[in-house]
Amino acid sequence: MDKRSPTLKIASLSLAVALSACQGGGNFNPLADASVNYASGSALGVQLPSKDQAALEPVFLQAVARGASGERFDWRGPDSFGWVKVRDHVVGNVKPSRHDRPVAPKEVDLSFPMETELGLYALTRNSNVRAGPSTEYPVLAELVSGDGIDGVGRVVGKPWILAEKDGRVVGYIHENLMVKAPGTELLLAGGPTKTPMKCREFEQRISYTGRSDRWEGVACLEDGRWVLQPEDNTKPVQLY
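Quick caveat, the model's predicted, so the values are computed rather than measured. (Residues numbered from 1 in each chain as written. Predicted model: local features only at pLDDT ≥ 70, side-chain atom pairs only at ≥ 80, totals over all residues. Heavy atoms only, no water.)

### As for the state of the cysteines
Put simply, the rule reads: Disulfide assignment relies on a single distance test, namely cysteine sulfur atoms paired within 2.5 Å. Strands are runs of DSSP state E lasting at least two residues, helices are runs of H or I lasting at least four, and both sets are numbered from the N terminus onward. Only protein chains enter the calculation, and the probe is 1.4 Å; a residue is then buried if its accessible area is under 20% of its type maximum, exposed if over 50%, and partly exposed in between.
Under the definition given, this model contains one disulfide. Here C199 engages in a disulfide with C220; their sulfurs sit 2.0 Å apart. Residues C199 and C220 are joined through a disulfide that is right-handed, its torsion about the S-S bond being 105°. With C199 in strand β11 (residues 197–208) and C220 in strand β12 (residues 211–222), the pair connects residues that are 21 residues apart, well separated along the chain. The buried category is assigned to C220, whose relative accessible area is 0%.

Set out below in structure tokens:
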């Protein structure tokens, strides 16, 4: 007859179940039902119950991963509902400010570490702009001789520069097709080595407890997971 107290027996049983799952290669995971609150950029969104967060998450991920610019994705949970509207594809982690994310074509391959903050260049001939640092990548555009570009990053170990023009990343250009812009030769030593992040701007609206909120934000791919980025607290506050 087991003379242990009921509390001790329950604790022993719980431990046995956990060990059994581990030893048997089971799917025991105490955090299996945890979801990410992709509305946490809103003062109202941080209050969402876990079941509503779970309803929002797959819709948000579908929107930022595959949605066309301006496309709206609706969702509904047990106690709230809302929508996600995706905006431009942007590049993070290449500028001195973490909040400076230039717009870029969605086809651009950003998986390479780069020496960043290169400065201004001028093209010496008509140049193909490619989706990646190789002639095997498709051509996205063509720039003409004499055009000026800003070197966002030089791919480590490869003579290819990720180019920005008029505030937008356009793609990769071979280093042999450009020279440092006159007067900037001593200013192009280059900055720290970083790996760019593929990011997506979005707009959201939620309705919960009879109230609604609407806001904008940015999510970036970090280690294969879309992560909400901190707000830019330097922006001026608008009063209504």
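Next comes the rest of the account.
### Quick notes on the sheet that holds β11
As a general point, the strands of a sheet are linked pairwise by backbone hydrogen bonds and lie either parallel or antiparallel. Let me state the cut-off plainly: Strands qualify as paired when DSSP identifies two bridges or more between them. What counts as an axis is a line fitted to C-alpha atoms, over the stretch in contact for a helix, and the angles between N-to-C directions run from 0 to 180 degrees. We call two residues in contact whenever any of their non-hydrogen atoms come within 4.5 Å of each other.
If you trace the five strands from one edge of the open sheet to the other, you get β1-β2-β11-β12-β13, paired in antiparallel fashion. Sheet topology places β1 (72–76) and β13 (225–228) at the edges, where each strand pairs with a single neighbour. For this sheet, the mean angle separating the axes of adjacent strands, direction not counted, is 30°. With four bridges connecting them, β12 and β13 associate as antiparallel partners. Looking at β13, one finds that E222 is bridged to R225. With respect to the sheet, helix α2 (residues 50–66) is in contact with β1, β2 (80–92), β11, β12 and β13, its orientation differing from that of β1 by roughly 165°.

### Some details on the pairing of strand β7 (residues 160–165)
Counting buried positions over the six residues of β7 gives five, a clear majority of the element. Connecting strand β6 (residues 148–155) to the next strand, β7, in antiparallel fashion are four residues, including G157 with a positive phi near 80°. With six bridges connecting them, β7 and strand β8 (residues 168–174) associate as antiparallel partners. For K165, the partnering residue across the bridge sits in β8 and is R168. Between β7 and β8, which pair antiparallel one after the other, the connecting turn spans two residues, and D166 there sits at a positive phi close to 55°.

### Focus: the nonpolar core
Condition: Definition used in this section: a nonpolar core is a set of buried Ala, Val, Leu, Ile, Met, Phe, Trp, Tyr and Cys residues joined via side-chain atoms within 4.5 Å.
In terms of nonpolar packing, the biggest core is built from 19 residues, with L56, F60 and I206 touching the most fellow members. If you list the elements that add at least two residues to this core, you get α2, β1, β2, β11 and β12. Look past the residues within four positions of I206 in its chain and what remains in contact with it is A39, S42, L44, G45, L48, W75, F81, G82, R211, S212, D213 and W215. Counting residues in hydrophobic clusters, the runner-up holds 13 residues, among them V94, L110, W160 and Y172.

### Some thoughts on the packing of aromatic side chains
For any two aromatic rings, the description comes down to two numbers: the centre-to-centre distance and the angle of the planes. Where we set the bar: Each Phe, Tyr or Trp ring, with Trp reduced to its six-membered ring, pairs with another whose centre is within 6.5 Å; inter-plane angles below 30 degrees give stacked pairs, above 60 give edge-to-face pairs, and intermediate values give tilted ones.
Scanning all chains against the criterion turns up two aromatic pairs. Each ring, one from Y38 and one from F60, has its centre 4.5 Å from the other, and the planes form 10°; the classification is stacked. Of the two residues, Y38 is situated in the loop between α1 (6–23) and α2 and F60 in helix α2; the sequence distance between them amounts to 22 residues. F60 carries the same exposure label as Y38, and that label is buried. Ring centres of F60 and F202 lie 5.0 Å apart, and the angle between their planes is 85°; on these two criteria the pair is classed as edge-to-face.

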